[in-house]
Amino acid sequence: MINMASDFDRRTGQDRRHADFDDETLFDEIHLRDYLAVIWRHRYLVFAVFIVVLTTVMLYTISQTPQYVAQCKVVIQEDAGEKFDIEVVRSYRYWRNVEFFETQVEVLKSRPVAEEVVRKLKLVERPGQKPGLIGSLKSALVNVIKSMLSMVRTPDPNAEEMTEEQKEYFAKLGALYRLMGSLRFSVVRDTSVVMIACMDPNPIMARNIANATAEVFAEHSLKLKVKEISNANLYLSGRLADIKEKLVLSENELKSFQEEKEAISLDRRIENLSEQQISVMNELNSLEKELASKQSYFETLETQTTDVRSRYASGDVGSMEELKRKYREREIELSKLLRSLTTQHPKVKAIKREMSALKQQIDKQQKLLVAGKTSTVRGIEQTLAQYNTAKQELGSVKARKVALDRVLKRTKQGLKDLLRLKGQYTLLQREVESNQKLYDMVLLRQKETSLKEAMQISDVKIIEPAAMPLAPVKPRRFLNFILGCMVGVFAGIGFAFLLDYFDTTLKSKDEIHKLIKMPVLGVLPDIEERVEGVDDLGTLVTSAPSCPYSESFRSLRTSLKYVAETSPKVLLVTSSGPSEGKTTIAANLAEVFARAGERVLLVDADLRKPRIHSIFDFPRTPGLTDAEEGKFGSFISESSVEGLSILTCGTYIGNPSEFLHLWGKQIVDSIKDRFVRIIIDSPPVNAVADPAILANFVDGVLFVVSAGTATKEGVTMALEQMHTV
């Protein structure tokens, strides 16, 4: 047992050694040694699980019957001659491109192939394989469960009430299932090779079954192929008669159309009409250009005639009237200027000059008007003659255009009719050609299938017969041994971590520090064996002062006396639960302080289960509970250790908590001044309220935690209770 003590100051609520220690960052990192420590703590469990798993695996391996595997290779090729191009024939193909080899493997697994192998090798007469140790245990367990549940059992082929036919059927069924269970099929990647493997306790039988399966599969495939080819041949023969009838019918229709519609001369007639249409269209284009020219010339003459007539009718007096109007306006303006200006004024002279110019223009225009009337009459007559001629020519051209339009329309309609007849003729020709091609192709395929039906060549060939295996493939003892070791190790480690996960006890100094948030003052080793010369561990320091265990108590004394900021004079020793070593620690701690020259008093305040008196061989009474009020130190006894005094618990009382609550302070005060250090042994905190009451009257509390015994919940509860008082 490893005991760990922590000094707690009741007055400040902090650890006396490191009140300002950053506890949140302590020991948060998990190291590999933490995992190794878990495995080491549960090493016996890990070893036990490892042995159990390895033993189970090896027993299973030894109990297995040796199995031999024989392999046979067959090549499966799709017949290219059966790749028909027409959909109706393609539906009768046996070999398919989609998932071709998966289909062949399923054929290999089919019941008819297995039944033929059973019949060929007479596997019904072969006795069944004897189950091994594990198989026997499994069968026995299944039978027990079936009996308990009153399940309906499968009829036993060996039962006397079964008929011979039933016995034969069940024997055949058993052989069939055994065969199908022993065969394995696989396709060699990127090849047309299929591997047939048979596993059997008898190597010769494994070879025979693999070869027989390949042979039966080849025969079965050939039968299926011949049957499919025969069906295809019958189908093609029927289709050939139908196609021939359609061919004759389409040829008769084509011949009738040629006779009725003169289809032979259709191309020549279409060509003539096309040439005529082109000629008419060319002539019409020329006529349209001529018509456009005549129309333009006619419109020009018509405009000229209208203009000449207008000029002749008006006499061309428009400009004359304009000149006269301007002349009158200048006369009025001149008369206005002369009222205020002289005749020599520049403005008057300018108006006169302008009036003179207008007068000259008027005279000149009058002369021209008189001379032009004669020539205008001659021009009008000439223009009218040209106009009438152009009008007659334009009408003639329009009449010719209308006639050509009618001819072009008749030509187009005739050509359209001929092209429709040509389309019908082409469809009839195409139907005859299509039926002829289909007839030739089906006839060719029908002859090919007839030839294949007569040849009977299988597409499955055995390229490597199975040889007799020399060594078994199962069980793999070395591999099973390695796997058993690995599984055993991992299972043991897993159980160790699982057990550690559910184990809430504190196991190390780091765990305790992380939980209580106070540094640990000392670590006391677990005394697993008897120390020579020591009758009671409470007197370990006195009986064996030179042993390593005694040195650990001296280290604890040093921590309390020198490391802490203020060495507690009155120290209460307690723990969260019973049997954690608090009394042993209190007794040995008192002894090491006394041997250091201090006057020490060891008080047994565990009034329910006292042990101090038995450790130092003192009578229990009189003691603490027997003293009168104010005289609690009257029963103090001197021990054999120099400087160490003992105050035993005294007589049993009915309610120790009430006693300590009433007299605890007086007890401490009455004996405090007589000793340098007082160590009080008390019961567990979680058991009774005595430690919490005494903690109010002491200078410090030494909290003892037993590694592997104290739980996290118990320690946390105890510390919370100490904090609340």
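Above: the structure in question.
For clarity, every value in this text was computed on a predicted model and none was experimentally measured. (Residues numbered from 1 in each chain as written. Predicted model: local features only at pLDDT ≥ 70, side-chain atom pairs only at ≥ 80, totals over all residues. Heavy atoms only, no water.)

**Concerning the overall build of the chain**
Summing up its helical and strand segments, the chain has 20 helices and 12 strands in all. Surface exposure of the chain reaches about 42,700 Å², of which carbon and sulfur atoms provide 55%. (Helix = DSSP H or I, 4+ residues; strand = E, 2+ residues; numbered from the N terminus. Areas by Shrake-Rupley, 256 points an atom, 1.4 Å probe, with all protein chains shown as cover.)

**Some points on the sheet that holds strand S4 (residues 193-200)**
If you trace the four strands from one edge of the open sheet to the other, you get S3-S4-S2-S5, paired in antiparallel fashion. The sheet terminates laterally at strand S3 (183-187) and strand S5 (460-464), the two strands that pair on one side only. Ignoring which end each strand starts from, the neighbouring axes of this sheet average 30° apart. Where strand S2 (residues 68-76) and S4 come together, eight bridges link them in antiparallel fashion. Each residue of the ladder has a partner; that of Val 75, found in S4, is Val 193. Contacting S2, S3 and S4, helix H4 (residues 100-108) crosses the sheet at an angle of about 170° to S3. Strand contacts of helix H7 (residues 164-182): S3 and S4, with the helix running at about 35° to S3, the strand carrying the most contacts. (Pairing = 2+ DSSP bridges. Axes fitted to C-alpha atoms, helices over the stretch in contact; angles between N-to-C directions. Contact = heavy atoms within 4.5 Å.)

**Topic: the packing of aromatic side chains**
With the rule as written, the count across this model stands at three aromatic pairs. Between Tyr 169 and Phe 170, the ring centres sit 5.5 Å apart and the planes meet at 75°, which makes this aromatic pair edge-to-face. The class for Phe 170 is partly exposed, based on a relative accessible area of 23%. Both rings, one in Tyr 501 and one in Phe 502, keep their centres 5.3 Å apart while their planes meet at 80°; by these two values the pair is edge-to-face. In this pair, the class of Tyr 501 matches that of Phe 502, namely exposed. The ring of Trp 40 carries the charged tip of Arg 43 above its face, separated from the ring centre by 4.0 Å. Here the basic side chain of Arg 620 rests over the ring of Tyr 652, its NZ or CZ set 2.9 Å away from the ring centre. (Phe/Tyr/Trp six-rings, centres within 6.5 Å; stacked < 30°, edge-to-face > 60°. Buried < 20%, exposed > 50% of the residue type's maximum accessible area, 1.4 Å probe, protein only. Lys NZ or Arg CZ within 6 Å of the ring centre and 35° of its normal.)

**A short note on the pattern of salt bridges**
Per the stated rule, a full pass over the model turns up 12 salt bridges. For the salt bridge of Glu 115 with Arg 111, the shortest nitrogen-to-oxygen distance reads 2.9 Å. With Glu 115 and Arg 111 both in helix H5 (residues 111-121), this residue pair falls four residues apart, about one helical turn. The exposure class of Glu 115 is partly exposed, given its relative accessible area of 28%. In this structure, Asp 690 engages Arg 608 in a salt bridge whose closest nitrogen and oxygen atoms are separated by 2.4 Å. Of this pair, Asp 690 sits in helix H19 (residues 690-694) while Arg 608 sits in the loop between strand S8 (600-604) and helix H17 (612-615); the two residues are 82 residues apart in sequence, bridging distant segments of the chain. (Salt bridge = Lys/Arg side-chain N within 4 Å of Asp/Glu carboxyl O.)

**Examining the pairing of S4**
With seven of its eight residues buried, S4 lies for the most part within the structure. Hairpin remark: S3 followed by S4, antiparallel, with five residues in the connecting loop; positive phi at Asp 190, about 60°.

**Section: the side chain of Ser 63**
Relative to the helices and strands, Ser 63 is located in helix H2 (residues 43-63). Using a relative accessible area of 13% as the deciding quantity, one classes Ser 63 as buried. Only 2.9 Å separates the side chain of Ser 63 from the backbone oxygen of Tyr 60, close enough to count as a polar contact. (Polar contact = N/O pair within 3.5 Å; in protein donor to acceptor, adjacent residues only side chain to side chain.)

**Some points on H7**
Owing to its 3.6 residues per turn, the α-helix brings residues three or four apart onto one side. Here H7 is 19 residues long and its end C-alpha atoms lie 27 Å apart, about the 27 Å a rise of 1.5 Å per residue gives. Turning to H7, its buried residues number three or more, namely Leu 173, Ala 175, Leu 176, Leu 179 and Ser 182. In this structure, the buried side of H7 is in contact with H5, S3, S4 and helix H8 (203-261). (Expected span 1.5 Å × (residues − 1).)

**Re the environment of Lys 172**
Assignment of secondary structure puts Lys 172 in helix H7. Residue classification places Lys 172 among the partly exposed residues on the basis of a relative accessible area of 43%. The spatial distance from the C-alpha of Lys 172 to the C-alpha of Val 124 is 5.4 Å, given a sequence separation of 48 residues.

**Comments concerning the nonpolar core**
In this structure, Leu 601, Val 603, Ile 678, Ile 680 and Val 715 are the most contacted members of the largest nonpolar core, which totals 36 residues. Of all the secondary structure elements, the ones that give two or more residues to this core are helix H13 (509-516), strand S7 (570-575), S8, helix H18 (656-672), strand S11 (677-681), H19, strand S12 (700-706) and helix H20 (712-724). Considering each element in turn, this core owes the most residues, five residues, to H18. Residue contacts for Leu 601: discarding those within four places in its chain leaves Ile 636, Ser 645, Ile 646, Leu 647, Ile 671, Phe 675, Arg 677, Ile 678 and Ile 679. The next biggest cluster of nonpolar side chains, apart from the first, holds 33 residues, and it includes Ile 76, Val 194, Ala 206 and Val 216. (Core = buried A, V, L, I, M, F, W, Y, C linked by side-chain atoms within 4.5 Å.)

**Overview of the side chain of Asp 604**
Secondary-structure assignment places Asp 604 in strand S8. For the buried residue Asp 604, which engages in no salt bridge, the nearest side chain bearing the opposite charge is Arg 620, 7.1 Å off. There is a polar contact of 3.3 Å between the side chain of Asp 604 and the backbone nitrogen of Asp 606. Engagement of the side chain of Asp 604 in a polar contact is seen with the backbone nitrogen of Arg 611, the distance being 3.4 Å. The residues touching Asp 604, leaving out its near neighbours within four places in the chain, are Pro 610, Arg 611, Ile 612, His 613, Leu 624, Leu 647, Thr 648, Cys 649 and Asp 681. (Lys, Arg positive; Asp, Glu negative; His and termini not counted.)

**What about empty space enclosed by the protein?**
One pass over the structure, following the stated rule, counts three cavities of 30 Å³ or more. Quantified by volume, the second largest cavity comes out at close to 60 Å³. As for the second largest cavity, its lining consists of Val 603, Ala 605, Leu 624, Leu 660, Gly 664, Ile 667, Val 668, Ile 671, Ile 680 and Leu 694. Top contributing element to the lining of the second largest cavity by residue count: H18, with five residues. Looking at the lining of the second largest cavity residue by residue, the class counts come to nine nonpolar, one polar and no charged. (1 Å grid on protein atoms, 1.4 Å probe; cavity = no way out; pocket = protein on both sides within 12 Å on 5 of 7 lines; lining within 4 Å. Points joined across faces, edges and corners; volume = space filled by probe spheres on them. Nonpolar A, V, L, I, M, F, W, Y, C, P; charged D, E, K, R; others polar.)

**Here's the deal with the packing of helix H1 (residues 32-41) against helix H12 (residues 477-502)**
Here H1 crosses H12 at 95°, and the two axes come no closer than 9 Å. Classified by the angle between their axes, H1 and H12 sit roughly perpendicular to one another. In this structure, H1 contributes Tyr 35, Val 38, Ile 39 and Arg 41 to the contact, and H12 contributes Ile 493, Ala 496, Phe 497 and Asp 500. (Parallel < 35°, antiparallel > 145°, perpendicular 65-115°, else oblique.)

**Focus on the environment of Arg 184**
Within the element layout of this structure, Arg 184 appears in strand S3. A sequence separation of 15 residues divides Arg 184 from Met 199, and the C-alpha atoms of the two residues are 8.2 Å apart. Among the polar contacts listed, one links the side chain of Arg 184 to the backbone oxygen of Gly 181, at a separation of 2.8 Å.

**Quick word on a positive patch on the surface**
On the surface, Lys 109, Arg 184, Lys 474 and Arg 476 cluster together into a patch of positive charge. With respect to the helices and strands, the residue Arg 476 is situated in the loop between S5 and H12. (Patch = residues over 30% accessible without salt bridge, like charges linked within 9 Å, V, L, I, M, F, W, Y side chains within 5 Å. Charge placed at Lys NZ, Arg CZ, Asp CG, Glu CD.)

**Observations concerning the packing of H5 against H8**
To describe two helices that pack against each other, one gives the angle between their axes and the distance between the axes. Here H5 crosses H8 at 125°, and the two axes come no closer than 9 Å. By the criterion of interaxial angle, the relationship of H5 to H8 is oblique. The way H5 lies across H8 gives a crossing that is right-handed. Residues Pro 112, Val 113, Glu 116, Val 117, Lys 120 and Leu 121 of H5 form the contact with H8, whose own contacting residues are Asn 208, Ile 209, Ala 212, Thr 213, Glu 215, Val 216 and His 220. Of the residues that constitute the contact of H5 with H8, the class distribution is seven nonpolar, three polar and three charged. (Left-handed = near helix turned anticlockwise from the far one by under 90°.)

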